[in-house]
Amino acid sequence: MDLYPVGILGTGKYVPDRILSNHDLEKMVDTNDEWIVTRTGIRERRISSDEQASSDLALEAAKGALDSAGITADQLDLIVVATITPDMAFPSTACILQEKLGARKAAAFDLSAACSGFIYGLANASNFIATGMYQYALVVGAECLSKITDYTDRNTCVLFGDGAGAVVIGRVPEGRGFKSFELGADGSGGDLLKVCGGGSRNPSSAASLESKLHFIQMAGADVFKFAVRIMGAAAEEVLRKAKWEKADIDLLVPHQANKRIIQSAMERLELPPEKCMVNLDRYGNVSAASIPLALAEAVEEGRLKEGDKLILVGFGGGLTWGASALVW
Ligand code: ACO
């Protein structure tokens, strides 16, 4: 079967107004700006209001992506929302977004692959378009991680923030668009990064709240080692599948978890700093929103031109990882 070439037609982003700086965190837990900046690269992160849920952030990012793609919501055939902070267990955040956008004919579902969710979503949605089943898909990463973060736990609360990024994908001219994807999972590392309350294993109860099971738990050093190994390996795999060399890469857009993890990926790919998009200093780790938010800012900053070769790569809870090589 012949497949249509598929690529990104438009990007959008949204972050809440409220800024939580490292200095603010110094007043909340036993930490300091110097530790956070040297160990992570993060200076501040955005925090959603009590009224905002992930679909509200997703809506603003989605509007931006639709505008920049030059299409309207009623042209969308599919909406995929990657999130670990859905508005609620169900209906899906994608269905809530479909209603808010008025995307009447779009199928809609959520996808859970933690910080790798956006890449999983892109791979998924692009197949519907490549086969000709659909014409336009909206892929969103949206998170309100502040709502599942324990602000008494200095190991995690300095890392996470809220935000959303979105892309519209569709058919592109031959030679452009996605050249390869790499998705992976290692469920044996599931315990390293988790929210274990509120599901069918530990339903929400007074006891689950008391035990703080509704908050993120993380074995930071183990996740760090996994991330350093997998970011470089996944990026090299999509290069190999696309038949590109390291020197061909014009821009790397990595998951924004920790500047030291990003640096290790850059070293392995032999990339100079100007070929890597980094915005974690301003937003921290926004999980599934991280890569589309960084991509939308790279576009805003004029860092991408037609024909550029781009690598997206991320890792996350699950454990999961994903990467893509694409021609802009
Ligand atoms: N301020 C001050 N000290 C701190 C803080 C803090 N905020 N947090 C931890 N520490 C202390 C620890 O208590 C520990 O002290 P101890 O040695 O006395 O026990 C010490 O700092 C640990 O220091 P390091 O070993 O140098 O920490 P490390 O270099 O491992 O950095 C970090 C920790 C930043 C968490 C790192 O391990 C990391 O980034 N891991 C990856 C995390 C990640 O990316 N998670 C998200 C995945 S994406 C998703 O799916 C949501």
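Keep in mind the model is a prediction, meaning the values are calculated, not measured.

The next subject is the site of the ligand. Surrounding the ligand, one finds 25 residues, the nearest of these being T31, R39, C115, N258 and R260. R39 places a side-chain nitrogen or oxygen 2.7 Å from an oxygen atom of the ligand. Protein chains bury 73% of the 1000 Å² of accessible surface belonging to the ligand in isolation. When residues of the shell around the ligand are traced back to their parent elements, those giving at least two are α2 (33–40), α6 (154–157), α8 (220–242) and β12 (309–316). When residues in the shell around the ligand are grouped by element, the largest group, four residues, is from α8. Classifying every residue of the shell around the ligand by side-chain character gives 12 nonpolar, nine polar and four charged. Counting the residues that make up the shell around the ligand, at least three belong to each of domain 1 (6–174) and domain 2 (178–327).

So, about the domain arrangement of the chain. Under the domain assignment, the chain is made up of domain 1 (6–174) and domain 2 (178–327). One C-alpha centre belongs to domain 1, the other to domain 2, and the line joining them spans 14 Å. Each partner contributes residues to the interface: domain 1 has 50 residues there, and domain 2 has 45 residues. Contact between domain 1 and domain 2 buries roughly 3800 Å² in total, counting both sides, with carbon and sulfur atoms accounting for 66%.

One open sheet accounts for four strands, arranged β8-β13-β12-β11; its pairing is mixed. Both edges of this open sheet fall to β8 (177–185) and β11 (251–254), since each of them pairs with a single strand only. Each strand of the sheet is rotated relative to its neighbour by a mean of 10°, with strand direction disregarded. Bridge analysis of β12 against strand β13 (residues 320–327) gives eight bridges, and the strand direction is antiparallel.

Here we come to the nonpolar core. Grouped together as the largest cluster of nonpolar side chains are 44 residues, with contacts concentrated most on W244, L252, L269, I311 and F315. Elements that contribute at least two residues to this core include exactly α8, α9 (259–268), β12 and β13. With 10 residues, α8 is the largest single contributor of residues to this core. Counting residues in hydrophobic clusters, the runner-up holds 33 residues, among them V6, I169, I291 and L326.

What counts as what
For every chain, the first residue of the written sequence is number 1, and numbering continues from 1 along that sequence. Per-residue local features are limited, in this predicted model, to residues with pLDDT of at least 70; the limit for side-chain atom pairs, both in listing and counting, is 80 or more; totals at the level of whole chains, interfaces and linings are taken over all residues. The side-chain numbers reported here are obtained from all heavy atoms of the structure, hydrogens and water having been left aside. Only heavy atoms are used to decide nearness, and a residue is near a molecule or strand if one of them lies within 4 Å of it. Contacts described as polar in this section are N or O atom pairs within 3.5 Å, which, within protein, must combine one atom able to donate a hydrogen with one able to accept it, while residues neighboring in sequence count only if both atoms come from side chains. Surface exposure here means Shrake-Rupley accessible area, sampled with a 1.4 Å probe, where a residue is shielded only by the protein chains that are shown. What counts as a helix is a DSSP run of H or I of at least four residues, what counts as a strand is a run of E of at least two, and both are numbered from the N terminus. Note on residue classes: Ala, Val, Leu, Ile, Met, Phe, Trp, Tyr, Cys and Pro are nonpolar, Asp, Glu, Lys and Arg are charged, and everything else, Gly too, is polar. The domain limits used here are those given by an automatic or database domain assignment. Contacts between residues were defined by any pair of non-hydrogen atoms, one from each residue, lying within 4.5 Å. In this description, buried area is defined as the sum, over both parts, of the accessible area (probe of 1.4 Å) that is lost when the two are combined. At least two DSSP bridges between two strands are required for those strands to pair. Only the stretch in contact is used when fitting a helix axis, every axis being a line fitted to C-alpha atoms; angles between N-to-C directions are given from 0 to 180 degrees. We define the nonpolar core as a collection of buried residues of types Ala, Val, Leu, Ile, Met, Phe, Trp, Tyr and Cys that are connected through side-chain atoms lying within 4.5 Å of one another. In this scheme, a residue with accessible area under 20% of its type's maximum is buried, one over 50% is exposed, and one in between is partly exposed, where area comes from a 1.4 Å probe on protein chains only.

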